[in-house]
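One letter stands for each residue in the lines below.
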Amino acid sequence: QNNVPNTFTDAETGIVFNSWGIPNGSPQSQGGWTFGMALPSDALSTDATEFIGYLDAAGWCGFSLAGPMTNSLLITAWPHEDTVYTTLRYAGGYAMPDKYAGNAEITQIRSSQNSTHFSLVFRCKNCLQWDHNGSTGGASTSGGFLVLGWVQAFPSPGNPTCPDQITLEQHDNGMGIWGAVLDENVANPSYTAWAAQATKTVT
Ligand code: HEM
């Protein structure tokens, strides 16, 4: 995936994202994925605590906000019928991650899906510093550089309509850690107005 971000504007919401991804058709992942991030206007000088995320993927996908699977806040997302579900997770080892115990929260701005892919635009509040039962860490935006991790997989989660109780098999459609450079387009004066559109809670 790219390290230097692409910048794109989501047509439906007008939100401007820095994005990284693997194109559909590449050997690392069938279907490909895109992860985008928008940050508060001062995020390149003061560490942000939240972001607006964009993701587009096939199957289910997961992102680590520190890079590795372990000791990092994990976002897992999957489509089921006409809804995209998410769950925030945390893993002490390479096994089914626990439900994250801290106060982070995902609310949705929009989602869509077709026969192969789903996409989601969401606000992730309190997601850039974490505390899972005393295991703490964070992702610092003021350095203009994040280390992020991705996974993608095809077998649908078990209990798909109940994010707290999903079951997963080990991901089977690629994984990796990448350095995500942030450029000036990631921090936007419209962030507060965009974040206010995140009114949909899917639990
Ligand atoms: C890597 C197992 C769920 C994120 C790995 C690896 C294993 C593993 C064994 C290392 C593989 C290697 O290096 O060859 C599992 C199992 C899961 C699970 C058994 C569930 C039953 C998840 C979820 C996420 C995730 C839900 C994110 C939301 C990652 C990431 C990596 C990874 C980012 C690559 C970075 C690293 O090696 O730490 N996983 N995983 N995993 N996993 Fe998982």
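The text that follows walks through the structure, step by step, so that each part is easy to find. Every value quoted in this text rests on a predicted model; they were computed, and no experiment measured them.

Moving on: the coordination of the iron atom of the ligand. For the iron atom of the ligand, every protein donor is listed as Met69 (SD) and His171 (NE2), and the spread of their distances is 2.0 to 2.1 Å. Viewed at the metal, the 6 donor atoms of the iron atom of the ligand are separated by angles of 87 to 179°, and the geometry they form is octahedral. Of this pair, methionine 69 sits in the loop between β5 (60–64) and β6 (74–80) while histidine 171 sits in the loop between β13 (145–153) and β14 (175–181), and the two are 102 residues apart along the sequence.

Once that is clear, we can look at the site of the ligand. Near the ligand you find 21 residues, and of these Met69, Tyr94, Val151, His171 and Met175 are the closest. Within the backbone of methionine 69, one N or O atom sits 2.8 Å away from an oxygen atom of the ligand. The cavity where the ligand resides is the largest pocket. Taken together, the residues of the shell around the ligand break down into 15 nonpolar, 6 polar and no charged.

What follows concerns the pairing of β6. For a regular strand, side-chain orientation follows a simple rule: the groups alternate between the two sheet faces. Extensive coverage of β6 is indicated by the burial of 5 of its 7 residues. Pairing of β5 with β6, which is carried by 4 bridges, proceeds in the antiparallel orientation. Residue pairing across strands places cysteine 61 opposite alanine 77, the latter belonging to β6. Across 7 bridges, the pairing between β6 and strand β7 (residues 83–90) is antiparallel.

Another aspect to go through is the pattern of salt bridges. Scanning the entire structure with this criterion turns up 4 salt bridges. Note that lysine 99 is salt-bridged to aspartate 164, the shortest N-O span being 3.6 Å. Linking lysine 99 in strand β8 (residues 98–99) with aspartate 164 in the loop between β13 and β14, this pair joins segments that are 65 residues apart in sequence. Residue classification places aspartate 164 among the partly exposed residues on the basis of a relative accessible area of 45%.

This part takes up the environment of threonine 87. For threonine 87, the location among the structural elements is in strand β7. Among the residues examined, threonine 87 registers a relative accessible area of 5% and is labelled buried. For the pair threonine 87 and alanine 193, spaced 106 residues apart in the sequence, the C-alpha separation amounts to 24 Å. Leaving out residues up to four positions away in the same chain, threonine 87 has contacts with Leu74, Ile75, Thr76, Trp78, Pro163 and Ile166. A polar contact is formed between the side chain of threonine 87 and the side chain of arginine 89, at a distance of 3.1 Å.

As a further point, take the nonpolar core. Within the largest apolar cluster, 39 residues are counted, with the highest numbers of intra-cluster contacts made by Phe35, Leu39, Phe51 and Trp178. Setting aside residues up to four positions removed in sequence, phenylalanine 35 forms contacts with Asn18, Ser19, Trp20, Phe51, Tyr54, Phe63, Leu148 and Trp178. With 12 residues, the next largest nonpolar core counts Ile15, Tyr54, Ile109 and Tyr191 among its residues.

Turning our eyes to something else, we now look at the pairing of strand β10 (residues 117–125). Among the 9 residues of β10, 8 are classified as buried, and the element is accordingly described as predominantly covered. Direction of pairing for strand β4 (residues 51–58) relative to β10: antiparallel, over a ladder of 8 bridges. Within β10, the position partnered with isoleucine 52 by the bridge is arginine 123. The sheet contact formed by strand β9 (residues 105–113) and β10 spans 8 bridges and is antiparallel. Across the sheet, the residue bridging to arginine 110 is valine 121, located in β10. Where β9 hands over to β10, the hairpin turn is made up of 3 residues, counted between the paired strands.

Its place among the elements puts threonine 83 in strand β7. Taking the relative accessible area as the measure of exposure, threonine 83 reaches 16% and is therefore buried. If we skip the residues at most four places from it in the chain, threonine 83 touches Trp78, Gln113 and Val202.

Parameters at a glance
Residues numbered from 1 in each chain as written. Predicted model: local features only at pLDDT ≥ 70, side-chain atom pairs only at ≥ 80, totals over all residues. Heavy atoms only, no water. Donors = N, O, S within 2.8 Å, 3.2 Å for Na, K, Ca; no water. Tetrahedral: all angles 85-135°; square planar, octahedral: opposite > 155°, others 65-115°. Helix = DSSP H or I, 4+ residues; strand = E, 2+ residues; numbered from the N terminus. Near = heavy atom within 4 Å. Polar contact = N/O pair within 3.5 Å; in protein donor to acceptor, adjacent residues only side chain to side chain. 1 Å grid on protein atoms, 1.4 Å probe; cavity = no way out; pocket = protein on both sides within 12 Å on 5 of 7 lines; lining within 4 Å. Sits in = over half its atoms within 2 Å of the grid points. Nonpolar A, V, L, I, M, F, W, Y, C, P; charged D, E, K, R; others polar. Buried < 20%, exposed > 50% of the residue type's maximum accessible area, 1.4 Å probe, protein only. Pairing = 2+ DSSP bridges. Salt bridge = Lys/Arg side-chain N within 4 Å of Asp/Glu carboxyl O. Contact = heavy atoms within 4.5 Å. Core = buried A, V, L, I, M, F, W, Y, C linked by side-chain atoms within 4.5 Å.

By themselves these figures say nothing about function.
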